[in-house]
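Understanding the architecture of this molecule
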Amino acid sequence: MLESINLISCNFSRLPLLLKPSRPHQSLRQSPENLLLLQSRAGSSSPFLKSDKILHHNHRFSRKGTFFHICKSSLNNPEEPEKTQIQEEGRDWSSSILLFALWGALLYYCFNLAPDQTPTQDLYFLKKLLNLKGDDGFRMNQILVGLWYIMGLWPLVYGMLLLPTARSKTPAWPFVVLSFFGGVYALLPYFALWSPPSPPVSETELRQWPLNVLESKVTAGVTLVAGLGIILYSVVGNAGDWTEFYQYFRESKFIHVTSLDFCLLSAFAPFWVYNDMTTRKWFDKGSWLLPVSVIPFLGPSLYLLLRPAVSETIAPKDSASSDPNE
């Protein structure tokens, strides 16, 4: 028997003593002769059973109850292995640490290293873009105007990508709201804290605001058309606007930081498109849109228009488990 059993797992279960013993119980300890005999057989038959690894159990009987040792071999029953330990998989924080490091480096760069040669001009541009200044005859750079308005649409795109298919234990909506003011600098902390899989979304949540708006094809279509119009307005303009914008980028902190924000939002978008696509189980049909999502803003917006509706996965209710043997 010892030759066929190499790994032994013992489950301890306490069973009530149904009958009182009529005579004193004898100790089940083995005699030294039997123990030596068992050690010699184990050493000759199996390399896994050594003399220093044999455990000697003391079975105690009492009137209140008793302990039974039920030993099973995982090698004798390979089709029904017994689980002896349940190990919870720990989260890998390496990507989160890298994203937090990137976030900190970006903030340090924007506040300390970004060019800041024209603070008065930056304030003037900001007032003109916010319509706080009237028509004074100054012509704004069309690329700068297009960049400003496209940055107002990016948070809407990320809201449709993160909710509901990229939810996590950390709520996503505060970061999406803050991204209307801080862009990717407000979204990066959520990227670092996000951990799959996303919790299921109920049918009731899909019918309520804001998910009903973010899942609407009308919202996706308006976003795509508006973004396409802004990009055409920026590109089809004065040829000297690109040279002027490049000069602004080298001197103005406002334009420099905003341009960096646009590039980072475009870089992270394909990952969230892939996550949304796989969550909706549409990767087989929509995988061609993944390389298209690399196109800044237009690629993710086109995916949002063509993607199918999210599957309504309702969280299962807790039900008491019943044992058929009971």
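Residues numbered from 1 in each chain as written. Predicted model: local features only at pLDDT ≥ 70, side-chain atom pairs only at ≥ 80, totals over all residues. Heavy atoms only, no water.

**Side note on the overall build of the protein chain**
Stated precisely, the cut-off is as follows: Every helix listed is a DSSP run of H or I at least four residues long, and every strand listed is a run of E at least two residues long, numbered separately from the N terminus. Summary of the burial criterion: residues with accessible area below 20% of their type's maximum are buried, those above 50% are exposed, and those between are partly exposed, where the area comes from a 1.4 Å probe applied to protein chains only. Residue contacts follow a heavy-atom distance rule, with two residues in contact if any of their heavy atoms lie within 4.5 Å. Values of accessible area rely on a 1.4 Å probe in the Shrake-Rupley scheme; residue burial ignores everything except the protein chains shown.
Looking only at helices and strands, one finds 14 helices and 2 strands in the protein chain. Out of the 326 residues belonging to the protein chain, those deemed buried represent 33%. Put simply, of all contacts in the protein chain between residues at least 6 apart along the chain, 78% involve residues at least 24 apart. Accessible area for the protein chain stands at about 21,800 Å²; split by element, carbon and sulfur atoms hold 61% of it.

**With respect to the UniProt feature "transmembrane region" (unreviewed entry) in the protein chain**
For the record, the criterion: UniProt positions are given in the numbering used here, feature names are shortened, and annotations may be inferred rather than shown by experiment.
Under the feature "transmembrane region" (unreviewed entry), the UniProt entry names residues 93-114, 143-163, 175-194, 214-233, 254-274 and 286-306. As annotated, residues 93-114 has a helix share of 91% and a strand share of 0%, and its two end C-alpha atoms lie 30 Å apart. Between the first and last C-alpha atoms of residues 175-194 the distance is 12 Å; the span itself is 90% helix and 0% strand.

**Considerations on the pattern of salt bridges**
Applicable threshold: What makes a salt bridge here is a side-chain nitrogen of Lys or Arg within 4 Å of a carboxyl oxygen of Asp or Glu, nothing more.
Applying the stated rule across the entire model yields 7 salt bridges. Across the salt bridge formed by D136 and K128, the nearest N and O atoms sit 3.1 Å from each other. Residue classification places K128 among the buried positions, given a relative accessible area of 13%. For D276, the salt bridge identified is with R307, shortest N-O distance 3.3 Å. Taken together, the positions of D276 in helix α11 (residues 253-279) and R307 in the segment after α14 (298-306) put the pair 31 residues apart, joining distant regions of the chain.

**Some points on the side chain of S252**
Counted only if it meets this: Two N or O atoms form a polar contact when they lie within 3.5 Å of each other; inside protein one atom must be a possible hydrogen donor and the other a possible acceptor, and for residues adjacent in sequence the pair counts only when both atoms belong to side chains.
Note that S252 resides in the loop between α10 (240-251) and α11. In terms of polar contacts, S252 uses its side chain to reach the backbone amide nitrogen of I255, at 3.3 Å. Every residue in contact with S252, bar those within four places of it in the chain, is listed here: P115, T118 and D122.

**A word on empty space enclosed by the protein**
Gaps left between atoms are located by rolling a probe of water-molecule size over the structure's atoms. Let me state the cut-off plainly: Both site types are read off a 1 Å grid over the protein atoms alone. A 1.4 Å probe that fits but cannot get out defines a cavity, while an open set with protein on both sides within 12 Å along at least five of seven lines defines a pocket; lining residues have an atom within 4 Å of a point. Grid points are joined across faces, edges and corners, and a volume is the space filled by probe spheres set on the points. Three categories are distinguished: nonpolar for Ala, Val, Leu, Ile, Met, Phe, Trp, Tyr, Cys and Pro, charged for Asp, Glu, Lys and Arg, and polar for the others, with Gly belonging to the last.
One pass over the structure, following the stated rule, counts 1 cavity of 30 Å³ or more. Approximately 40 Å³ is the volume attributed to the largest cavity. M160, L214, E215, S216, K217, A220, R280, L304, R307 and P308 together form the lining of the largest cavity. Across the lining of the largest cavity, the residue classes tally to 5 nonpolar, 1 polar and 4 charged.

**Description of α14**
If you check which residues of α14 are buried, you get G299, P300, S301, Y303 and L304. As for α14, its buried residues are in contact with α4 (142-162), α9 (217-235), α11 and α13 (289-292).

**Structural notes on the layout of surface pockets**
The space that makes up the second largest pocket amounts to roughly 450 Å³. Only α2 (94-113), α4, α5 (173-182) and α11 provide two or more residues apiece to the lining of the second largest pocket. By residue number, the principal contributor to the lining of the second largest pocket is α11, which donates 5 residues.

**Focus: the confidence of the model for the protein chain**
As a reminder of what qualifies: A score between 0 and 100, pLDDT records how confident the predictor is in each residue.
Overall, the predicted model of the protein chain reaches an average pLDDT of 76, with 67% of residues at or above 70. Note that pLDDT drops below 50 for residues 35-40; the model gives that stretch 5 contacts with residues more than four away or on any other chain. The model gives residues 313-326 a pLDDT under 50, and that stretch makes 7 contacts with residues more than four places away or in other chains.

**With respect to the environment of L126**
By secondary structure assignment, the location of L126 is in helix α3 (residues 119-129). Judged by relative accessible area, which is 29%, L126 ranks as partly exposed. Note: C-alpha distance between L126 and I255 (129 residues apart in sequence) is 9.9 Å. With residues up to four places along the chain from it excluded, the contact list for L126 reads W148 and F254.

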